[in-house]
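# Fold and geometry: a report
Listed below are the residues making up each chain.
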Amino acid sequence: MNSSLTHINYSAHKFKTPLINIGLDAGSTTIKVVVSDLQNTIIYKDYRRHYADILGNLKEILSDILDKIGDCPVKLCITGSAGMGIAERYKVPFVQEVVASCEVISHQFPEIKTFVDIGGEDSKMIFFKSGKTPDIRMNGSCAGGTGSFIDQMATLLNVSMNEFNSLAEQAETIYPIASRCGVFSKTDVQNLLARNISKADIAASVFRAVSMQVITSLARGYEPEGKVFLCGGPFTFIPYLRKAFIDEIKMDNSEIVISENPEVTPAWGAAIIASDQQESKLLSEYLSIFNKEVKTVLKDTHNQLKPLFNDQQEYAEWLKSKEEYQFPRIDIKDIKNPNCFIGIDSGSTTTKIIATDENSRVFYHYYTKNKGFSLQAVTVGLRKLFEQTQEAGMEMNVLGSCVTGYGEDLIKKAFHLDSGMVETIAHYMSAYHFNKDVSFILDIGGQDMKAAFIENGVIKRVEINEACSSGCGSFIETFANSLNYSVPDFSKIALKSKHPCDLGTRCTVFMNSKVKQSQREGASVEDISAGLGYSIVKNCLNKVLKLKDVKELGGHIMVQGGTFRNLSVIRALEIELGKEIMVTDYPELMGAYGAALYA
């Protein structure tokens, strides 16, 4: 979602407020700060994404408050899923997020019967009844129905959040989309795109799915009563989501309450709770506290994983050892006989194309993200191949063409290709080309994972991941983006890790919790990145392959797929298996190369 930074009303209060209350809500993806006066009126607010740099953003905001309001006495309280670690380290008051939200309702909106909050990775519903304790419901193991889910869907359609909202407003038809899990929903969305369903209809369908998920998972049979209070970043910045939710609960707009500051409600509650504290500090004192270097001790040191490399020399030697298997290449201008073979791998998230001469030497390769449009991606790739042959002054004869991957049937029919083949066979053919003794092939793509066990040149067993995408390329991409890193940079910093975090092998949602816990305990981004590399490997070995003995893999193991552009994953696999791994210089192109060899 788009970040919004807003400051309000501070000038009217400058030097006139003897005491201010500050509430800080450090969530999974954003940080929100509210400054209120003695009447609990908001005089300043700030909302921004923190990209895992929570403390840096906090100090920046407090400095801004100091500049605008002055160095006055402050009562401060922290809330939010990522705020607990800061509160613990710096010994400042903390309150649970739902308690803070309840405080806002009881003080400012006593007429509210139902409270609904959608955050970055969680959603909450609270039912208020006179004389009774609030009935609090929160999402558990699934991030369906949260801001991060909406972010994923917008990314899949390659649009900004503003564009996503605008598209939804143009929709004509709603289609069923699973919002329980990002993996299922991506499959649903890709199927809709393959059917040429408009992005507008898909966007509206996503917002309806989110609304249904929040209601069914949190209300659990309890009918939301008016008035209903809506808050959280998604409700604030995505008008169509509000509309979809109100339509789902079938209420009149007069029964819906959206305050002037819905995106900072828990922070406002924390500020109200701070007002009850006995002691205050000058704002400059709090800044000094947060500026102090607090030594953090990583917990669970007995569970720390082995560093990927002990030093730079070990890394350099290891990198050198991976140069053995390289694609045979030829410059198009050096081709004497203008005949070629084309192999296409139309994957779930990317498209790969390879063209070879009659001796299986590669003179053209193409790799791009589908961005929801497989046909267009292949069209662009083939056009570039044609342009390259024209520039070289050659009229190429295509002796054979073959496609593999998720879009096999669609691409074969659309471009009248000679043949299609199962991905597993394509990957085996390319692996066999490089090493005829290959005994095990592991292919990790954007959303899937495939493993082939080979004996005497025959595939005797195949394993694939089922409903969970943890351990796939999109899994790493999600975390890299959430920490404000590109995937290549995120992969590189893992190699510098000294204490990789043991993040387990669970799904993305649970992993988010583990990452946040590691950050609270002082883990660096390098350690988190390396830990995720280990998680991919352990997920593969323990959950997908259910490996009991590494001897099952044989002595010649080859890895393929775009995920293995991430060197930390290759190294983690070697460490876990205690075996050397074979990898080519273009692991992401192995499926396309296998298709070209078959053609």
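Residues numbered from 1 in each chain as written. Predicted model: local features only at pLDDT ≥ 70, side-chain atom pairs only at ≥ 80, totals over all residues. Heavy atoms only, no water.

### Considering the sheet that holds strand β8 (residues 228-231)
One open sheet accounts for five strands, arranged β7-β6-β5-β8-β9; its pairing is mixed. The sheet is open, and its two edges are formed by β7 (135-138) and β9 (256-257), each paired on a single side. On top of the sheet, helix α10 (residues 239-249) reaches β5 (114-118), β8 and β9; it is set at about 155° to β8, its chief contact. (Pairing = 2+ DSSP bridges. Helix = DSSP H or I, 4+ residues; strand = E, 2+ residues; numbered from the N terminus. Contact = heavy atoms within 4.5 Å. Axes fitted to C-alpha atoms, helices over the stretch in contact; angles between N-to-C directions.)

### Things to note about the packing of helix α14 (residues 374-391) against helix α15 (residues 408-415)
Contact geometry of α14 with α15 gives a least axis separation of 10 Å together with a crossing angle of 50°. The orientation of α14 with respect to α15, classified from their angle, is oblique. Note on packing geometry: the crossing formed by α14 with α15 is right-handed. In this structure, α14 contributes Ser374, Leu375, Val378, Thr379 and Leu382 to the contact, and α15 contributes Leu410, Ile411, Ala414 and Phe415. For the contact of α14 with α15, the per-class residue count stands at seven nonpolar, two polar and no charged. (Parallel < 35°, antiparallel > 145°, perpendicular 65-115°, else oblique. Left-handed = near helix turned anticlockwise from the far one by under 90°. Nonpolar A, V, L, I, M, F, W, Y, C, P; charged D, E, K, R; others polar.)

### Here we look at the confidence of the model for the protein
On average, residues of the protein score 85 in pLDDT, and 88% of them reach the 70 mark or higher. Segment residues 8-15: pLDDT under 50, and 17 contacts once partners within four positions in sequence are set aside and those in other chains are kept. Predicted confidence is poor over residues 297-302, with pLDDT under 50, and the contacts of this stretch with residues over four places away or in other chains come to seven contacts. (pLDDT = per-residue confidence, 0-100.)

### Topic: helix α11 (residues 265-274)
Counting buried positions over the ten residues of α11 gives ten, a clear majority of the element. All of the buried residues in α11 are Thr265, Pro266, Ala267, Trp268, Gly269, Ala270, Ala271, Ile272, Ile273 and Ala274. (Buried < 20%, exposed > 50% of the residue type's maximum accessible area, 1.4 Å probe, protein only.)

### Quick notes on the sheet that holds strand β15 (residues 419-421)
Strand order in the open sheet formed by five strands is β13-β12-β11-β14-β15, and the pairing between neighbours is mixed. Unpaired on one side and paired on the other, β13 (362-369) and β15 mark the two borders of the sheet. With direction set aside, neighbouring strand axes in the sheet form an average angle of 15°. As paired elements, strand β11 (residues 339-346) and strand β12 (residues 350-356) share six bridges and run antiparallel to each other. Note on β12: the bridge partner recorded for isoleucine 342 is alanine 355. Where α14 meets the sheet, its contacts fall on β11, β12 and β13, and the angle it forms with β13 comes to roughly 150°.

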